[in-house]
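# Analysis of the macromolecular model
So you can see what is in the structure, the chains are spelled out below.
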Amino acid sequence: MYTARSEKVVSGGDERRRLMKVRKRISQKRPKFSQFESWRFVRIKEHWRKPKGIDNKMRQNRKGWPRSVNVGWGSPKAVRGLHPSGLKEVAVYNVGDLAIIDPETQVARIGSSVGAKKRSVILEEAENRGIRVLNPGKAYPISELEEEEVEELEEEAEEALEEEEEGEGEEEEPVEPEEEGQEK
């Protein structure tokens with residue numbers, strides 16, 4: 001995600017592509033780091049926690065124990081945190097946030113708290129500005145929603161008219177409800 005402390009962006013497209021390949025190769029070789037003995041106890045989660053015990057074999061980097069997190073497993077700094085497409089992700093929560101996005105080097109990711117109505121407005125504006133949105137979801141442009149609603153209302157009105165026309169030709173006698181316990 002885009003932050004104020006963003007790293008220096010690699011200017012050359014060829015260099016960025018090369019570093020993205022390096023990042024992918026490193027990521028494929030990187031083990032899944034897990035907490036010490038999380039495989040043994042249910043109460044210990046799979047997430048990473050640094051081993052700190054004085055006799056801990058994982059901390060001592062003993063042979064046969066899982067690998068620990070260290071500097072060598074990181075990706076190149078110039079492409080760290082970028083989307084797999086090589087573009088920087090920017091969080092968007094309203095239409096105004098689209099103004100800071102550069103379509104050449106950045107892509108938009110709509111926040112999870114944004115509703116369908118505002119999402120559709122953001123998508124429409126992003127399309128006008130030529131900005132790629134990573135998570136468009138199922139939101140439709142507002143104009144399409146309004147057209148669908150109008151069509152549904154027209155269909156309902158036509159059905160109601162047809163039912164009234166069919167009911168005019170036949171006159172039914174009112175049926176009196178029968179009362180229990182009374183005989184004629």
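Everything discussed here concerns the structure shown above.
Notes on the structure follow.

The rules we used
Residues numbered from 1 in each chain as written. Predicted model: local features only at pLDDT ≥ 70, side-chain atom pairs only at ≥ 80, totals over all residues. Heavy atoms only, no water. Helix = DSSP H or I, 4+ residues; strand = E, 2+ residues; numbered from the N terminus. Buried < 20%, exposed > 50% of the residue type's maximum accessible area, 1.4 Å probe, protein only. Contact = heavy atoms within 4.5 Å. Areas by Shrake-Rupley, 256 points an atom, 1.4 Å probe, with all protein chains shown as cover. Pairing = 2+ DSSP bridges. Phe/Tyr/Trp six-rings, centres within 6.5 Å; stacked < 30°, edge-to-face > 60°. Expected span 1.5 Å × (residues − 1). Salt bridge = Lys/Arg side-chain N within 4 Å of Asp/Glu carboxyl O.

## Thoughts on the overall build of the protein
Within the protein one finds three helices and two strands. Across the protein, helices and strands are ordered from the amino to the carboxyl terminus as α-β-β-α-α. For the protein, with 184 residues in total, the buried portion stands at 24%. Taking all contacts inside the protein whose residues are at least 6 apart in sequence as the whole, residues at least 24 apart take part in 47%. Surface exposure of the protein reaches about 15,000 Å², of which carbon and sulfur atoms provide 48%.

## Topic: the environment of K138
Among the secondary structure elements, K138 is positioned in the loop between α2 (116-129) and α3 (142-169). Spatially, the C-alpha atom of K138 lies 9.3 Å from that of R119, the residues being 19 residues apart in sequence.

## Topic: the pairing of strand β2 (residues 106-110)
Taking burial as the measure, the five residues of β2 include four buried ones, the bulk of the element. As defined by bridge partners, strand β1 (residues 88-92) adjoins β2 across five bridges and the pair is classed as parallel. Paired with A91 across the strands is R109, a residue of β2.

## Side note on the packing of aromatic side chains
Inspection of every chain in the model, using the stated rule, returns four aromatic pairs. Where F33 meets W73, the ring centres are 6.0 Å apart and the plane angle is 65°; that geometry is what we call edge-to-face. Highlighted residues: F33 in the loop between α1 (13-29) and β1 and W73 in the loop between α1 and β1, separated in sequence by 40 residues. Among the aromatic residues, those joined into a ring-pair cluster are F33, W48 and W73.

## Looking at α2
Look at α2: 20 Å from first C-alpha to last across 14 residues, which is about the 20 Å you get at 1.5 Å a residue. Positive phi shows up at G130, right after α2, with a value of about 75°.

## Describing unusual backbone geometry
Phi at E37 takes a positive value of approximately 60°, unusual for a residue other than glycine. Take E37: it is sitting in the loop between α1 and β1. The phi angle at N61 is positive, at roughly 55°, despite the residue not being glycine. Looking at the element boundaries, N61 is found in the loop between α1 and β1. Its relative accessible area of 59% is what places N61 among the exposed residues.

## Let's talk about the pattern of salt bridges
Applying the stated criterion to the full structure yields six salt bridges. A salt bridge links R40 to E37; the shortest N-O distance between them is 3.2 Å. Taking the relative accessible area as the measure of exposure, R40 reaches 56% and is therefore exposed. A residue is classified by how much of its surface remains accessible, and E37, at 15% relative accessible area, is buried. Of the charged contacts in the structure, one is a salt bridge between R109 and E89, with a shortest N-O distance of 2.8 Å. Here R109, found in strand β2, pairs with E89, found in strand β1; they are 20 residues apart in sequence, far enough to count as distant. Under the relative-accessibility criterion, R109 is labelled partly exposed at 28%.

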